[in-house]
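Spelled out from the first residue to the last, the chains are:
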Amino acid sequence: MVSALPPFQALLDRHAGEVLGVLRAAVGGVDADDCFQETFVAALRAYPKLDHGENLRGWLMTIAHRKAIDHHRAKGRRPIPVEEVGEMAVEAPKPDSGIWERVGALPPKQRAAVTLRYACDLPHAEIAAALDCSPEAARRSLHEGIKRLRKELA
Amino acid sequence: MNEAQLKERLVEGAASAGLLDVAYTTADSPFGPLLLAATRRGVVRIGMPTQDDDALLEELAARISPRVLEAPARLDEARRELDLYFEGRLRDFDIPLDWRLSRDFRRRALRAVARIPYGETRSYAQVAKRAGNERAVRAAGSACGSNPIPIVVPCHRVLRTGGALGGYGGGPAMKEALLRLEGALET
C-alpha cells in the first residue's frame, strides 16, 4: 500500500528547521528567509499532485536547493556595484571559521553539491536531478568541492 | 526571522495564494481542547477532547486536501462563538458551515438536527422523519454518531425515544452537561 500524504503542517513542523539550516548555509541568513518562503509555497502548490508520501524530506530538500540555485542565478544577473574592489574577495577564510562558511564560499555548483550531499543527505542521482546535470557531473562537483575544503582545512 | 515567524509568514502567504485548503487550530472548552478545522466555505470539522487530533488531521488531509495548515486567525470567529456558547451567552451559532463530510441521508439527518432549537430535544425517530425516512431510526442514530461538526450541529439534543440520553462522541457526561447548560434537563 502506498503511504498517504500527511497534513502539510506535519511536513512543515518536521522539516522547517533543517530546510532553514540548509538555506542559510547555501544563501546566507538574510536571503534564507525569502528562499524558505519560496520553498514551502512551491511545495504546498505541488503537494496534492504527489502520488505518495514516500521520501518527502528528499523532495523538500530538492525544492529548497532549486530555490537556492535560482536565487544565486538571479543575483548573478544583477551584480551589486561597489566603489572599489576590496581585498576581501581574495582573503582566505579565517582558520577558526565554521565549515559551513567555507562551504558557502565554494563556487555555486560545488557548494550546492556539498550541501545536498552532506546537509540533505541526498544520493548522487538526486543531487544530479536538483542541479539539472548528469550524475557524473554531480559526483565531480562534489569531489572538487570536498578536495577544495580539505586543502583549505589542511 | 526565527522559525516561528517564518512559519507564520508562510501561512499568510499560502492563504493569499489560495493554497490553504484546510485551516485548523485548537480551542479551549470546559471539556478540554477542541480541534477546529475550516475550509474556505466554513467550519468543516470539530474534534472532541476524546479524539486524537493527529488522526483527525490525517483524515482531513485524505478526504479534503493535504494542504492542511495551522492557521488560528481563520478560526477566530468560530472560537469566539463557542466561548460565548459555553458561557451560556449564545444560543444560535452564526458561523458558516461546510457540510461536505456528510452525504445523502446522513447530511439530511444532520441538517434536521441543526434545526432543533436551543434548549429543546428530539428523538432519533423524529430526526429520521424530518430527514425524509421515518423508518431510518438507526441510520439517524449513526448520522448523529458520525456528526463531523458536533456542538454547532447539536447532536447532543437528540435522545432515545422515551428520554434516555443515548450515546455521544464526547462521552455521556459531556452530553448531559451541554443539555444542562441549555436548560433542557430538569434539576
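The model shown is predicted, which means the values in this text are computed figures rather than measured ones. (Residues numbered from 1 in each chain as written. Chains lettered and ligands numbered in written order. Predicted model: local features only at pLDDT ≥ 70, side-chain atom pairs only at ≥ 80, totals over all residues. Heavy atoms only, no water.)

Caption draft 1: Summary view of the nonpolar core. Membership of the largest hydrophobic core comes to 40 residues, with the highest contact counts inside it found for Leu34(B), Leu36(B), Leu82(B), Tyr85(B), Phe93(B), Val113(B) and Ile151(B). Residue assignment for this core shows that the elements contributing at least two residues are strand S2 (34-38), strand S3 (43-47), helix H3 (76-86), helix H4 (104-114), helix H5 (124-130), helix H6 (137-145) and helix H7 (172-181) of chain B. Ranked by residues supplied to this core, first place goes to H3(B) with 5 residues. Core analysis: the next-biggest nonpolar cluster, separate from the first, contains 35 residues, Val22(A), Leu23(A), Ala43(A) and Trp59(A) among them. (Core = buried A, V, L, I, M, F, W, Y, C linked by side-chain atoms within 4.5 Å. Buried < 20%, exposed > 50% of the residue type's maximum accessible area, 1.4 Å probe, protein only. Helix = DSSP H or I, 4+ residues; strand = E, 2+ residues; numbered from the N terminus.)

Caption draft 2: Expanded view of the packing of aromatic side chains. Per the counting criterion, the structure on display carries 8 aromatic pairs over all chains. With 5.9 Å between their ring centres and 65 degrees between their planes, Phe31(B) and Phe86(B) make a pair best called edge-to-face. With Phe31(B) in the loop between strand S1 (22-27) and S2 and Phe86(B) in helix H3, this pair connects stretches of sequence that are 55 residues apart. An aromatic cluster is present here, built from Phe8(A), Phe36(A), Phe40(A), Tyr47(A) and Trp59(A) joined pairwise through their rings. (Phe/Tyr/Trp six-rings, centres within 6.5 Å; stacked < 30°, edge-to-face > 60°.)

Caption draft 3: Broad picture of the side chain of Glu81(B). All names here are of chain B. Looking at where Glu 81 falls in the secondary structure, it is placed in helix H3. Buried within the structure, Glu 81 lacks any salt-bridge partner; Arg 80 is the closest side chain of opposite charge, at an N-O distance of 4.7 Å. Sequence-distant contacts of Glu 81, that is, excluding residues within four places in its chain, are made with Leu 90, Phe 93, Asp 94 and Ile 95. (Lys, Arg positive; Asp, Glu negative; His and termini not counted. Salt bridge = Lys/Arg side-chain N within 4 Å of Asp/Glu carboxyl O. Contact = heavy atoms within 4.5 Å.)

Caption draft 4: Expanded view of the interface of chain B and chain A. With 19 residues of chain B in contact, the opposing surface of chain A contributes 21 residues. There are 2 salt bridges connecting chain B and chain A. Here Asp13(A) and Lys7(B) are joined by a salt bridge, their closest N and O atoms 2.9 Å apart. Our count for the chain B to chain A interface comes out at 12 residue pairs in polar contact (both at pLDDT 80 or more). At the level of elements, helix H1 (3-16), helix H2 (53-63) and strand S4 (68-70) of chain B are the ones that each hand at least two residues to the side of chain B that touches chain A. Of all the elements, H1(B) adds the most residues to the side of chain B that touches chain A, at 7 residues. (Polar contact = N/O pair within 3.5 Å; in protein donor to acceptor, adjacent residues only side chain to side chain.)

Caption draft 5: Main features of helix H6 (residues 124-131) of chain A. Residues and elements named next belong to chain A. Within H6 the residues assigned to the buried category are Ile 127, Ala 128, Ala 130 and Leu 131. All buried residues of H6 project into a common sector of 165 degrees when viewed along the axis, lining one side. Positioned one or two residues after H6, Asp 132 has a phi angle of 60 degrees, which is positive. (Arc of directions from axis to C-beta.)

Caption draft 6: Summary view of the confidence of the model for chain B. This prediction gives chain B a mean pLDDT of 96; 99% of its residues lie at or above 70. On the interface metric, ipTM, the complex scores 0.92, and its pTM is 0.79. (pLDDT = per-residue confidence, 0-100.)

Caption draft 7: Up close: the layout of surface pockets. All names here are of chain A. A volume near 280 Å³ is recorded for the second largest pocket. Looking at the lining of the second largest pocket, the elements that each hand over two or more residues are helix H3 (56-77), helix H5 (108-119) and H6. With 7 residues, H3 is the largest single contributor of residues to the lining of the second largest pocket. A per-class count over the lining of the second largest pocket returns 8 nonpolar, 2 polar and 6 charged. (1 Å grid on protein atoms, 1.4 Å probe; cavity = no way out; pocket = protein on both sides within 12 Å on 5 of 7 lines; lining within 4 Å. Points joined across faces, edges and corners; volume = space filled by probe spheres on them. Nonpolar A, V, L, I, M, F, W, Y, C, P; charged D, E, K, R; others polar.)

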